[in-house]
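# Coordinates in review
Residues per chain, in single letters:
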Amino acid sequence: MNSIEDAVRLFGEGYMCSQAVFAAFSEQFDLPKEQALKIGACFGSGMRKAEVCGACTGALMVLGLKYGESKEKSNEACEKFLDEFEKENGSFICRDLLGCDIGTEEGVKYAVENNLFKDFCPKMVESAAKIVDEMI
């Protein structure tokens, strides 16, 4: 199983989008998957506020592991990733992607009723994982 498939699998097992993407790549950088799952725990659902998509924050953490020694390289990687994700998906903001604000009870209800977490979010996890895989 490659890292992209692993990210989608982890998300399907109930991990947050941020955890799934980060943990799927973490061992390539000598960070145990269990640690990555803990680190990524508070970044899902746009940091619980429907802000930057958790799949993106997970990917950005991976890029930090790869390029974090250099402010210039990490800034460049961050911008490139977000530009690519936005180009592919229309936005990198959770509420814009989902068409609802899951930072609210009403938004969560809408997302659940419309199966967004089961049908839409795995596509975002896969997209983020593919883009970061190409970048590392």
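Below is a short write-up of the structure. This is a predicted model, so every value here is computed, not measured. (Residues numbered from 1 in each chain as written. Predicted model: local features only at pLDDT ≥ 70, side-chain atom pairs only at ≥ 80, totals over all residues. Heavy atoms only, no water.)

## A short note on the nonpolar core
Of all hydrophobic cores here, the largest spans 41 residues; its most connected members are Val21, Phe81, Phe85 and Val125. Contributing elements (two or more residues each) for this core: α1 (3–12), α2 (17–26), α3 (33–39), α5 (54–67), α6 (71–89), α7 (94–98) and α9 (116–135). If one sorts the elements of this core by residue count, α9 sits on top with nine residues. For Val21, the contacting residues outside a window of four places in its chain are Ala7, Ala55, Gly58, Ala59, Val62, Val125 and Ala128. (Core = buried A, V, L, I, M, F, W, Y, C linked by side-chain atoms within 4.5 Å. Buried < 20%, exposed > 50% of the residue type's maximum accessible area, 1.4 Å probe, protein only. Helix = DSSP H or I, 4+ residues; strand = E, 2+ residues; numbered from the N terminus. Contact = heavy atoms within 4.5 Å.)

## What about the layout of surface pockets?
Its boundaries defined by the atoms lining it, the largest pocket holds a volume of some 340 Å³. Phe11, Cys17, Ser45, Phe117 and Cys121 are the residues nearest the centre of the largest pocket, which is lined by 21 residues in total. Those elements giving two or more residues to the lining of the largest pocket turn out to be α1, α4 (44–50), α7 and α9. Among the elements that line the lining of the largest pocket, the one with the most residues is α9, at five residues. Considered class by class, the residues forming the lining of the largest pocket number 15 nonpolar, five polar and one charged. (1 Å grid on protein atoms, 1.4 Å probe; cavity = no way out; pocket = protein on both sides within 12 Å on 5 of 7 lines; lining within 4 Å. Points joined across faces, edges and corners; volume = space filled by probe spheres on them. Nonpolar A, V, L, I, M, F, W, Y, C, P; charged D, E, K, R; others polar.)

## Observations concerning the pattern of salt bridges
All chains considered together, the criterion is met by seven salt bridges. Two residues, Asp6 and Lys33, come together in a salt bridge whose shortest N-O distance is 2.6 Å. Here Lys33 lies in helix α3 and Asp6 lies in helix α1, a separation of 27 residues in the sequence. For the pair Asp6 and Lys33, one class covers both residues: buried. Each of Asp6, Arg9, Glu13 and Lys33 takes part in salt bridges that share partners, so that together they form one network. (Salt bridge = Lys/Arg side-chain N within 4 Å of Asp/Glu carboxyl O.)

## A look at α9
Taking 1.5 Å per residue as the helical rise, α9 with its 20 residues ought to reach 28 Å, and the 27 Å between its terminal C-alpha atoms agrees with that figure. Of the residues making up α9, those classed as buried are Leu116, Cys121, Pro122, Met124, Val125, Ser127, Ala128, Ala129, Ile131, Val132 and Met135. In this structure, the buried residues of α9 make contact with α1, α2, α5, α6, α7 and α8 (105–113). (Expected span 1.5 Å × (residues − 1).)

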